[in-house]
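# Coordinate inspection notes
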Protein chains: 2
Amino acid sequence: MHSKLLDQLIQSLRCLPGVGPKSAQRMALYLMERNRTGAALLSETITEALQRLGRCQQCRALTEEAVCRLCSNPNRDQSLLCIVGSPADMFAIEQAGSYNGMYFLLTGHLSPIDGIGPQEIGISELLTLLDSRPVQEVILANNPTVEGEATASYIAALLRDRELSVSRIAHGVPVGGELEFVDGGTLSHAFNGRLRLK
Amino acid sequence: MHSKLLDQLIQSLRCLPGVGPKSAQRMALYLMERNRTGAALLSETITEALQRLGRCQQCRALTEEAVCRLCSNPNRDQSLLCIVGSPADMFAIEQAGSYNGMYFLLTGHLSPIDGIGPQEIGISELLTLLDSRPVQEVILANNPTVEGEATASYIAALLRDRELSVSRIAHGVPVGGELEFVDGGTLSHAFNGRLRLK
Ligand SMILES: [Zn+2]
Ligand SMILES: [Zn+2]
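Treat the numbers as computed from the prediction; the structure is a model and nothing was measured. Position labels on residues start from 1 in each chain and follow its written sequence. Following the order in which they are written, the chains are lettered starting with A and the ligands numbered starting with 1. Selection of residues for local features in this predicted model requires a pLDDT of at least 70, selection of side-chain atom pairs for listing and counting requires 80 or more, and totals for whole chains, interfaces and linings are taken over all residues. Side-chain numbers come from the whole structure's heavy atoms, not from hydrogens or water.

## Re the interface of chain A and chain B
- Chain A puts 57 residues into the contact, and the matching count from chain B is 57 residues.
- Around 5700 Å² of area is buried between chain A and chain B when both sides are counted, 68% of it from carbon and sulfur atoms.
- The term salt bridge refers to a pairing of a side-chain nitrogen on Lys or Arg with a carboxyl oxygen on Asp or Glu at a separation within 4 Å. Summed over the shared surface of chain A and chain B, the result is four salt bridges.
- A:D7 serves as the salt-bridge partner of B:R69, at 3.2 Å between the closest nitrogen and oxygen.
- In protein, a polar contact means a hydrogen-donor-capable atom and an acceptor-capable atom, both N or O and within 3.5 Å, with residues adjacent in sequence counting only if both atoms are side-chain atoms; elsewhere, any N or O pair within 3.5 Å suffices. Joining chain A to chain B, the criterion identifies 17 residue pairs in polar contact (both at pLDDT 80 or more).
- Elements are defined by DSSP. Helices are runs of H or I of four residues or more, strands are runs of E of two residues or more, and each kind is numbered from the N terminus. For the side of chain A that touches chain B, the secondary structure elements donating two or more residues are α1 (4-13), α2 (21-34), α3 (36-52), β2 (62-63) and α4 (87-96) of chain A.
- Among the elements that make up the side of chain A that touches chain B, the one with the highest residue count is α3(A) (13 residues). Note on contacts: a residue pair is in contact if any heavy atoms of the two residues lie within 4.5 Å. When two parts are put together, the accessible area they lose, computed with a 1.4 Å probe and summed over both, is reported as buried area.

Structure below.
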């Protein structure tokens, strides 16, 4: 409006999820008028994260190390592998606090209509991981949506002939909902009541 | 959690107004997993804004130029000066679209309890501006809060002996409310029905 650069800042803040024009304006004014220290730190942290955050070689979560802190934690149970469809789901399960095994992060769920097949979501990396780690049980924690269920079924079928158990977290999480919005108690319950698929 | 750097990114996003832990986590994952181009642009724009955004010599709004685009626009009416308490209020009035004069931005409102006196909010800069510009009417658009009213009254008293009119925007804006949240129509109405104080 009265400054091209301020307009650009407002516009660039709109790339953040859930931030509309009014919020972006408030954020821009706040950063420049009231918290330049916070703004500088934010800018530096984004730049550093862009440079250094890659994927964990084991679970494929975002990390600045070759293997993330969770995967290299000797207190985690190496015999359990929980498969999730997004990092937010992994966060939600960790915050629930009842699961102490390992993870594997798919990049989304199968969706043939959108051209998203097994290779796109990381199935071959999952099989490589299973070949090299002492996993005894795979817990399918994909979202209870159509795509999540299809992905879980696909993986269960793929693992049918392997020497390991395959389970699906219990329906305690609302069907059609998103795992990351489920409260910790419900998630714990869903883990404890998981169904053996094989 | 599993990455120190990702935790730092989430933490630094929490400096944004209205962003709690859950939103910050969503934002961090979105930036790093799905929109690294947007993240890079955001980081660069914040850095550039920090380096280049200063205050307009006339209205004191944020700008990368010595005098902002609004103040240097020859189509604005130089005889009207609207005084606001925040840049968001200036934005709201501009978006209402019915005012075509100039602005002066106070840095907040008088609040003796908090040690905020005339010098802190820019009253001496206002007087300097009035000495040098062809202003015929000062429109007090301070928020209709206790501090806003006190500030408007203080300025009205200070300008009593000058050769100019002083008006207050009409109460049409909800008393006790914040100007920036008022819709454009109400703001236009408040401008048209402004009360002459002197
Ligand atoms: Zn990992
Ligand atoms: Zn200006």
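## Points about the UniProt feature "zinc finger region: C4-type" (unreviewed entry) in chain A
- UniProt positions are given in the numbering used here, feature names are shortened, and annotations may be inferred rather than shown by experiment. The sites that UniProt annotates as "zinc finger region: C4-type" (unreviewed entry) are residues 56-71 of chain A.
- Here residues 56-71 of chain A is 0% helix and 12% strand, with 8 Å between the C-alpha atoms at its ends.

## Remarks on the coordination of the zinc ion (ligand 2)
Residue and element names in this part refer to chain B.
- Donors, by definition, are the N, O and S atoms found within 2.8 Å of a metal, the threshold being 3.2 Å for Na, K and Ca, and water is not counted, so a site can look incomplete. At 2.3 to 2.4 Å from the zinc ion (ligand 2) lie its protein donor atoms, namely C56 (SG), C59 (SG), C68 (SG) and C71 (SG).
- In these descriptions, tetrahedral denotes four donors with every angle between 85 and 135 degrees, square planar four donors and octahedral six donors with opposite donors over 155 degrees apart and the rest between 65 and 115, and irregular any other case. Here the zinc ion (ligand 2) binds four donor atoms, and the angle range of 105 to 117° at the metal identifies the geometry as tetrahedral.
- Here the donor residues for the zinc ion (ligand 2) map to a single chain with the spacing C-x2-C-x8-C-x2-C.

## Notes on the coordination of the zinc ion (ligand 1)
Residue and element names in this part refer to chain A.
- Within the protein, the atoms that donate to the zinc ion (ligand 1) are C56 (SG), C59 (SG), C68 (SG) and C71 (SG), at distances of 2.3 to 2.4 Å.
- Coordination at the zinc ion (ligand 1) is tetrahedral, judged from the four donor atoms that bind it and the angles of 105 to 118° they form at the metal.
- All donors to the zinc ion (ligand 1) come from one chain, and their sequence spacing reads C-x2-C-x8-C-x2-C.
- With a relative accessible area of 2%, C56 lands in the buried category. Only protein chains enter the accessibility calculation, which uses a 1.4 Å probe; a residue whose area is less than 20% of its type maximum is buried, one above 50% is exposed, and one in between is partly exposed.

## Regarding the pairing of strand β3 (residues 77-84) of chain B
Residues and elements named next belong to chain B.
- The element β3 is extensively covered by neighbouring structure, given that six of its eight residues are classed as buried.
- Sheet analysis places β3 next to strand β4 (residues 101-105), joined by five bridges and oriented parallel. Its bridge partner being in β4, V84 is matched across the sheet by L105.
- With its strands directed away from the observer, a crossover is right-handed exactly when the path from the first strand over the helix to the second travels clockwise. Read from β3 through helix α4 (residues 87-96) to β4, the crossover connection turns out right-handed.
- Strands were regarded as paired on the criterion that DSSP finds at least two bridges between them. Where β3 and strand β5 (residues 137-140) come together, four bridges link them in parallel fashion. Bridge pairing in β5 links L80 to E137.

## So, the environment of B:L164
- In this fold, B:L164 is placed in the loop between α7 (146-158) and β6 (165-168).
- It is 9.8 Å that separates the C-alpha atoms of B:L164 and B:P134, two residues lying 30 residues apart in sequence.

## Considering the packing of α1(A) against helix α3 (residues 36-52) of chain B
- Convention adopted: a line fitted to C-alpha atoms gives each axis, helices being fitted over their contacting stretch, and angles between N-to-C directions are expressed from 0 to 180 degrees. Packing of α1(A) against α3(B) leaves a shortest axis separation of 9 Å and a crossing angle of 150°. As judged from the angle between their axes, α1(A) and α3(B) are roughly antiparallel. Considering the relative orientation of α1(A) and α3(B), their crossing is left-handed. Between α1(A), through A:L5, A:Q8, A:L9, A:S12 and A:L13, and α3(B), the contact on the second element is made entirely by B:L42, B:T45, B:I46, B:E48, B:A49 and B:R52.
- The nonpolar class holds Ala, Val, Leu, Ile, Met, Phe, Trp, Tyr, Cys and Pro. Asp, Glu, Lys and Arg form the charged class, and all remaining residues, Gly among them, are polar. In terms of residue class, the contact of α1(A) with α3(B) is built from six nonpolar, three polar and two charged. Under this scheme an angle from 65 to 115 degrees is roughly perpendicular, one under 35 degrees roughly parallel, and one over 145 degrees roughly antiparallel; angles in between are oblique. Less than a right angle of anticlockwise turn of the near helix away from the far helix marks a crossing as left-handed, whereas a clockwise turn marks it as right-handed.

## Things to note about the packing of aromatic side chains
- Any pair of Phe, Tyr and Trp rings, taking the six-membered ring for Trp, is counted once the centres come within 6.5 Å. Such a pair is stacked with planes under 30 degrees apart, edge-to-face with planes over 60 apart, and tilted for the rest. Counting across every chain of the model gives two aromatic pairs over all chains.
- With centroids separated by 5.3 Å and ring planes inclined at 70°, the aromatic side chains of A:Y99 and A:Y103 adopt a geometry described as edge-to-face.

## Re the pattern of salt bridges
- Summed over all chains, the structure comprises 14 salt bridges over all chains.
- A:E33 is the partner of B:R55 in a salt bridge, and the nearest nitrogen-oxygen pair spans 2.6 Å. Taken as a pair, B:R55 in strand β1 (residues 54-55) and A:E33 in helix α2 lie in two separate chains rather than in one.
- Exposure remark for B:R55: the relative accessible area of 34% places this residue in the partly exposed category.
- When the shortest N-O distance is used, the salt bridge between B:R76 and B:E94 registers 2.8 Å. With a gap of 18 residues between them, B:R76 in the loop between β2 (62-63) and β3 and B:E94 in helix α4 connect regions that are remote in the sequence. For the pair shown, B:R76 and B:E94 are each scored as buried.

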